[in-house]
Amino acid sequence: MKLGKLSAVIFQNVRRNRKNFIFSTVGITIGVSVFSFFVALTVGIREEVLNRIYPVDLIEVEPASVSIAGARSNVERIGFNPEGVAVLQGIEGVARVYPKLRSHFQATYRMGGQLFGSQGVTFEAYFDGLDDGLLRAELEKSAGRKSGKSMKDRLKARYGRQHRCYDAEDCTPGEECFEGLCRPIEYGSLFRDHGEFIPCKGEEMCADGYGCVTGRCLKTCGTDGPCGPGEECMAAGCRVDGECGSGKCEGGRCSRTVCLPVCSAGCPPGTECIPETCKADEDCRDGACLDGRCALAGTCSHVTCVQNHEEAELMANPDLRRGELPGLCEDGTPMTPGAACPPARCPASTYCSVQSYFRPGYLWKDRRGEGRCEEPIPVVLNPIVLELFNMVLKSTLEKTQLGTMDTLLGYGGSVTFGHSFYKDTVKDRTPVEKRLVVVGYSNKALEAGVTMPMSFVERANARYKGKGATRQFDSIILQLAGAEYLPDVLSRLEQFNIQLSRRSAEAEKFRTVLLVAIAIFFIMASIILAIAAINITHTFLMVIYERKREIGILRAIGATKMDIRLLFLGESLLIGAAGGAAGNGIAFGLSKAADFLANRYIGEFPFQPDTFFHFRPEWVAASIAFALFFSLLGAFFPANRAAAMDPARTLTLA
Amino acid sequence: MIRLTAIHKAYDPQASGPVLRDANLAIASGEFVAILGKSGSGKTTLLNIIGGLDRDYAGTAVVDGLELKRMKDRDLSRFRNRTISFVFQTFNLLPHLSCAENVAYPAYFGDVVPRSEIGARAREAMERVGIAHKSQAYPNTLSGGERQRVAIARAIFQRPKILLADEPTGNLDSASGQHVMNLFLELNRKDGVTVMLVTHDEHLAALAHRIVRIADGRIVGEEKTA
Ligand SMILES: Nc1ncnc2c1ncn2[C@@H]1O[C@H](COP(=O)(O)OP(=O)(O)O)[C@@H](O)[C@H]1O
Ligand SMILES: [Mg+2]
């Protein structure tokens, strides 16, 4: 019997006996709807909630606590250092490895402006550091993906023509001056260590590989490796040994060579080239004037500035943060006593970072003082922060919510190193306030704080907790090449003396719970479908009894046993398909209703998704395959019985 | 065309005796044979064996050169589909199908008639038996005679070589019975279809070429009619 003819006969049979058909379909429909509904719910929770809180393709590992490492014998020891990173990078399925360094000292944030109001809000600061090069690559990639247009296209779309500029001041806010043209700030590219000025009083305050030279921590070079781009390895000028950290001052030069940014590479914003000749030390900024020549001539140095405004004024007028450059008019001419002129200020993208306060005891009210022009420390936020912000803002501050993460880009705040609401462990260190600017977001960033360039955190840790504070990474994030590598990578990690971070361990636990949930729904649905199958068997046996004679007639006019079998199996497939479709339809309807009720009656909470349900094509297909399988199963026995019926006998029976 | 040799058949050997005993019968192509016998004598059983519906017997039945017992279900079904056709006393039409659909139904279980020709062939068969005007009607709206004509149309739809008619007039009044009988005679004469007709009616049997009498499972006599 040909398929076309077969299906024609099957449809005739279904049409003839709609009641039986619907009755048989009900059970399948219920089973499939239960299965599809709950699988969509679990998948939805996993994708919409869990994966946003705990991204699937990220694993964070920490050094194992002693007990764990001691309990197992065949562990491979790896250090939380570059060598260990290399080992982890070698695991198959690990696309990239991001070592993390936490802040080891106390600090507080102070946030104001558009988000927290003119009064500002202060809270304990947590932050960590990620390699800026690695993260910048990710940030730039995500920025490019977002717009999909080239920079030129975007510029054109925005202005129609391009705007010439000299520096950021010539451009509108949110733009920077790049090669004489204003362009929207590429925030992602700002995630780099700007070499913020961190003064030191001794070697102990500088990180490994740094020396306290000319009153600040500078990267040592030569034996300690090469310098970064735009830097050169040179011997700083000095007068006494103390200026050279652990090195000696020999013949006006420090014996230890350090990396210094050189003017020939172009000085970064907030810095200026130290001139060759001088009359007094003041002419040379950093480093002394020795025999009419500046010791650090030809290198870039942070411009000295002074902040004369109190906190309240700064909150009200953020532009005042740029401070004033003492003795200099805005047009670059020296101030002359008596003739008033608008003072010069720190460059547009920088602020006056106060290093020593006039009245140290009144930090939050009065932070007038002398400092250096610096770029704000770029920070990256975890999307979770936005969620939490939204919740807090909406409920407690009654502010409007932030739409997307992008609205936070360029947002600034302050962090005060060495100040805490808790017991102050940072002794003998003057608190220092730095500005922060949000330049991007990444799910690798700290969830309850901000993430800064790692080299900066390293230096800050040393500055406040001493050299030893930064010997090793605190944790390592593994970015997987894909979620499918997760099980393999996890089992591979068991061989090392490391453990999952609390978060990653939690994520694993949740994933297991969801997997178990799916398994339970699978079993539940199987039971319902099995009952439906038994119901189909029942109905079919009844139908076959009713159609006994008809089966005999079909056989008499040439139907084979297989034809008879296929007629019933085909009908059961239709039942399965109809039940599968109806079940998924009902599950979909229920999911919409559930979402509606959830939106209406459950209060808002972080990571609240638009929908709790994800109907994945593969699961929908699986549910229909289930329905077909159980319908076939139910019809199998009756169909065989029908095929085996003796046609002569069924025809002679009255 | 049909050759039965030493057919033995017992439905339930323990309970009752054999239904057919040592039945031997040969029917030539184009013959019209009437099977005459009392109720329960084994006539239907004989037809079922010849028609390949019953394979549980001793002896050999060769129809159209095929040894039925040795055939696979698939081939036997094909044989029923294209070589032979049944006409039953109780018509055995499918109530959920229209007359035209009933007539064309065998086409669904074989490949003799291509799908595109099914309609035309069904109409032709129904015109042949004079029931074309009822093609859209359903069987339960027809009289017995009309139903049997639809059943005959179905039987000739595939243009079989052999017609096996089991008391086709048993449920009909004599006029309708005569009409149906005439159809069989015409099919036999014009189309050369071999007909085996079971009846208790001596008058109808007399119209056949040959009468085979069966009693208590035995073929008790054969006679040529004039
Ligand atoms: N399916 C069956 N099972 C058991 N006995 C049967 C069956 N069909 C027929 N018989 C018996 O076989 C005998 C012959 O029946 P049948 O061939 O139908 O006779 P007829 O058609 O001549 O009336 C009868 O005695 C009948 O009771
Ligand atoms: Mg009979």
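In this text the structure is predicted, and so the values were computed from the model without any measurement.

Trainee: Even after reading the chapter, I still don't get the overall build of chain A, so can you show me in this structure?
Mentor: Counting its secondary structure elements, chain A contains 16 helices and 25 strands. Of the contacts made within chain A by residues no fewer than 6 positions apart, 71% connect residues no fewer than 24 positions apart. Carbon and sulfur atoms provide 59% of the accessible area of chain A, an area that totals close to 30600 Å².

Trainee: What exactly am I supposed to notice about a nonpolar patch on the surface here?
Mentor: On the surface, a nonpolar cluster with roughly 380 Å² of combined accessible area is contributed by Phe522, Ile523, Ile527 and Ile531 of chain A. Counting through the fold element by element, phenylalanine 522 of chain A comes out in helix α12 (residues 502-546).

Trainee: I'm lost on the interface of chain B and chain A in this one. Help?
Mentor: How large an interface is tends to be reported as the accessible area lost when its parts come together. Listed by partner, the interface residues are 27 residues for chain B and 27 residues for chain A. Of the roughly 2300 Å² buried between chain B and chain A, counting both surfaces, carbon and sulfur atoms make up 61%. The largest share of the area that chain B buries against chain A comes from Leu53, Tyr108 and Phe109 of chain B, three residues that together contribute 28% of it. The tally of links from chain B across to chain A stands at 1 salt bridge. Where aspartate 73 of chain B meets arginine 555 of chain A, a salt bridge forms, and the shortest distance between an N and an O atom there is 3.1 Å. Here chain B and chain A share 11 residue pairs in polar contact (both at pLDDT 80 or more) between them. For the side of chain B that touches chain A, the secondary structure elements donating two or more residues are α1 (43-50) and α2 (73-82) of chain B. Residue composition of the side of chain B that touches chain A, by class: 12 nonpolar, 8 polar and 7 charged.

Trainee: Please explain the sheet that holds strand β17 (residues 304-307) of chain A as it appears in this structure.
Mentor: Whenever strands of a sheet pair, they do so through backbone hydrogen bonds, lying parallel or antiparallel. All names here are of chain A. One open sheet holds the 3 strands; their spatial order is β17-β19-β18, and the pairing between them is antiparallel. Looking at strand neighbours, the two that pair on one side only are β17 and β18 (351-357), the edges of this open sheet. Direction aside, neighbouring strands of the sheet carry axes that sit 45° apart on average. Taken together, the 6 bridges between β18 and strand β19 (residues 369-374) define a ladder with antiparallel strand orientation. Each residue of the ladder has a partner; that of serine 353, found in β19, is arginine 372.

Trainee: How should the environment of lysine 561 of chain A be read in this particular structure?
Mentor: Counting through the fold element by element, lysine 561 of chain A comes out in helix α14 (residues 561-601). A C-alpha to C-alpha distance of 8.6 Å links lysine 561 of chain A and asparagine 640 of chain A, two positions 79 residues apart in sequence. Here lysine 561 of chain A is in contact with Arg555 and Ala643 of chain A together with Asp73 of chain B, once residues within four sequence places are set aside.

Trainee: Any chance you could explain the site of ligand 1 here in plain terms?
Mentor: Close to ligand 1 lie Arg649 of chain A together with Tyr11, Val19, Lys38, Ser39, Gly40, Ser41, Gly42, Lys43, Thr44 and Thr45 of chain B. With respect to ligand 1, its neighbouring residues span chains A and B. The separation between an oxygen atom of ligand 1 and a polar main-chain atom of serine 41 of chain B is 3.2 Å. Between ligand 1 and threonine 44 of chain B there is a distance of 2.5 Å, counted from an oxygen atom to a side-chain nitrogen or oxygen.

Trainee: Looking at this structure, how should I read the sheet that holds strand β6 (residues 84-87) of chain B?
Mentor: All names here are of chain B. Spatial strand order, β6-β7-β8-β3-β9-β10: 6 strands in an open sheet with mixed pairing. Unpaired on one side and paired on the other, β6 and β10 (218-224) mark the two borders of the sheet. Shown here is a sheet whose adjacent strand axes are inclined to one another by a mean of 20°, direction ignored. As paired strands, β6 and strand β7 (residues 162-166) are joined by 4 bridges and run parallel to one another.

Trainee: Any chance you could explain the pattern of salt bridges here in plain terms?
Mentor: Pairs can form between side chains of opposite charge whenever their charged atoms are close. Throughout the structure, instances matching the rule amount to 30 salt bridges over all chains. The residue glutamate 618 of chain A makes a salt bridge to arginine 616 of chain A at a minimum N-O spacing of 2.7 Å. Ionic pairing is found between aspartate 54 of chain B and lysine 9 of chain B, a salt bridge with its closest N-O pair at 3.0 Å. Of this pair, aspartate 54 of chain B sits in the loop between α1 and β4 (58-63) while lysine 9 of chain B sits in strand β1 (residues 2-9); the two residues are 45 residues apart in sequence, bridging distant segments of the chain. Owing to a relative accessible area of 4%, aspartate 54 of chain B belongs among the buried residues under this scheme. For lysine 9 of chain B, a relative accessible area of 4% puts it in the buried group. Salt bridges linked by common partners bring Arg128, Glu186, Lys190 and Asp191 of chain B together as one network.

Trainee: For this particular structure, what's the right way to read α2 of chain B?
Mentor: Because each turn of an α-helix spans 3.6 residues, side chains separated by three or four positions in sequence point in the same direction. Considered for burial, the residues of α2 of chain B that qualify are Asp73, Leu76, Ser77, Phe79, Arg80 and Asn81 of chain B. Considering only its buried residues, α2 of chain B is in contact with α13 (548-556) and α14 of chain A together with α1, β4, β5 (66-67) and β6 of chain B.

Trainee: I'm lost on the nonpolar core in this one. Help?
Mentor: Side chains that are nonpolar tend, in soluble globular proteins, to be buried together. Counting 76 residues, the largest nonpolar core has Ile28, Leu554 and Phe568 of chain A together with Tyr105 and Met196 of chain B as its most contacted members. When residues of this core are assigned to their parent elements, the largest contribution, 9 residues, is made by α12 of chain A. Within the second largest apolar cluster, 48 residues are counted, among which are Val385, Val415, Val432 and Leu436 of chain A.

Trainee: I'm lost on the confidence of the model for chain B in this one. Help?
Mentor: Do not read the fine detail of predicted coordinates wherever pLDDT is low. Residues and elements named next belong to chain B. Residues at a pLDDT of 70 or more form 100% of chain B, whose mean pLDDT is 91. Averaged pLDDT values over the elements of chain B bottom out at 87 in β10 and peak at 95 in β7. The ipTM value of the predicted complex is 0.95, and its pTM value is 0.70.

Trainee: Would you take a moment to explain helix α15 (residues 617-644) of chain A for this structure?
Mentor: Residue and element names in this part refer to chain A. Over its 28 residues, α15 extends 39 Å from the first C-alpha to the last, a length consistent with the 40 Å expected when each residue adds 1.5 Å. For α15, the principal kink sits at phenylalanine 636 and spans about 40°; a proline, proline 638, occurs within the next four residues. Regarding α15, the residues found buried are Ser623, Phe626, Ala627, Phe630, Ser631, Gly634, Ala635, Pro638, Ala639, Ala642 and Ala643. Tucked inside the fold, the buried residues of α15 contact α2 (18-53), α12, α13 and α14.

Trainee: Quick question: what am I supposed to make of the packing of aromatic side chains here?
Mentor: For any pair of aromatic rings, the description rests on two quantities: the centre-to-centre distance and the angle between the ring planes. Evaluation of the coordinates by the stated rule reveals 21 aromatic pairs over all chains. Ring geometry for phenylalanine 37 of chain A and phenylalanine 38 of chain A: centres 5.1 Å apart, planes at 90°, overall edge-to-face. When its relative accessible area of 24% is taken as the criterion, phenylalanine 38 of chain A is described as partly exposed. Lying across the ring of tyrosine 11 of chain B, lysine 9 of chain B places its NZ or CZ 4.6 Å from the centre. Above the face of the phenylalanine 157 of chain B ring, arginine 121 of chain B is positioned so that its terminal group lies 5.8 Å from the ring centre.

Calculation rules
For every chain, the first residue of its written sequence is number 1, and the numbers climb from 1 along that sequence. For this description, chains carry letters from A and ligands carry numbers from 1, given in the order in which they are written. Per-residue local features of the predicted model are confined to residues with pLDDT of at least 70, and side-chain atom pairs are confined, for both listing and counting, to 80 or more; whole-chain, interface and lining totals are unaffected and use all residues. Where side-chain values are given, they derive from all heavy atoms of the structure, hydrogens and water being excluded. Secondary structure elements follow DSSP: runs of H or I no shorter than four residues count as helices, runs of E no shorter than two count as strands, and numbering proceeds from the N terminus. Any two residues having at least one pair of non-hydrogen atoms within 4.5 Å are treated as being in contact. The Shrake-Rupley method, run with a 1.4 Å probe, gives the accessible areas here. Residue values count only the displayed protein chains as cover. Nonpolar side chains (Val, Leu, Ile, Met, Phe, Trp, Tyr) are joined into patches within 5 Å and like charges within 9 Å, using only residues with over 30% relative accessible area and no salt bridge. Each reported salt bridge corresponds to a side-chain nitrogen of Lys or Arg within 4 Å of a carboxyl oxygen of Asp or Glu. Accessible surface is computed with a 1.4 Å probe, and the buried area is the amount of it that two parts give up when combined, taken over both parts together. In protein, a polar contact means a hydrogen-donor-capable atom and an acceptor-capable atom, both N or O and within 3.5 Å, with residues adjacent in sequence counting only if both atoms are side-chain atoms; elsewhere, any N or O pair within 3.5 Å suffices. Side-chain classes follow a simple rule in which Ala, Val, Leu, Ile, Met, Phe, Trp, Tyr, Cys and Pro form the nonpolar group, Asp, Glu, Lys and Arg form the charged group, and the remainder, Gly included, forms the polar group. Any two strands between which DSSP finds at least two bridges are classified as paired. Orientation is described by lines fitted to C-alpha atoms, with helices fitted over the stretch in contact, and by angles between N-to-C directions that extend from 0 to 180 degrees. Nearness is judged by heavy atoms alone; a residue qualifies as near a molecule or strand once a single heavy atom is within 4 Å of it. Relative accessibility decides the category of a residue: with a 1.4 Å probe and only protein chains considered, values under 20% of the type maximum give buried, values over 50% give exposed, and everything between is partly exposed. Take the buried Ala, Val, Leu, Ile, Met, Phe, Trp, Tyr and Cys residues and link them wherever side-chain atoms come within 4.5 Å; each set so joined is a nonpolar core. Confidence of the predictor at the level of single residues is given by pLDDT, which spans 0 to 100. What a helix should span is 1.5 Å times the count of its residues minus one. A residue's bend is simply the angle between two axes: one fitted to the seven residues ending at it, one to the seven starting at it. Here the aromatic set is Phe, Tyr and Trp, taking the six-membered ring for Trp, and pairing holds for ring centres within 6.5 Å; pairs whose planes are under 30 degrees apart are stacked, those over 60 apart are edge-to-face, and all others are tilted. A ring is considered to have a charge above it if a Lys NZ or an Arg CZ atom is located within 6 Å of its centre and within 35 degrees of its normal.

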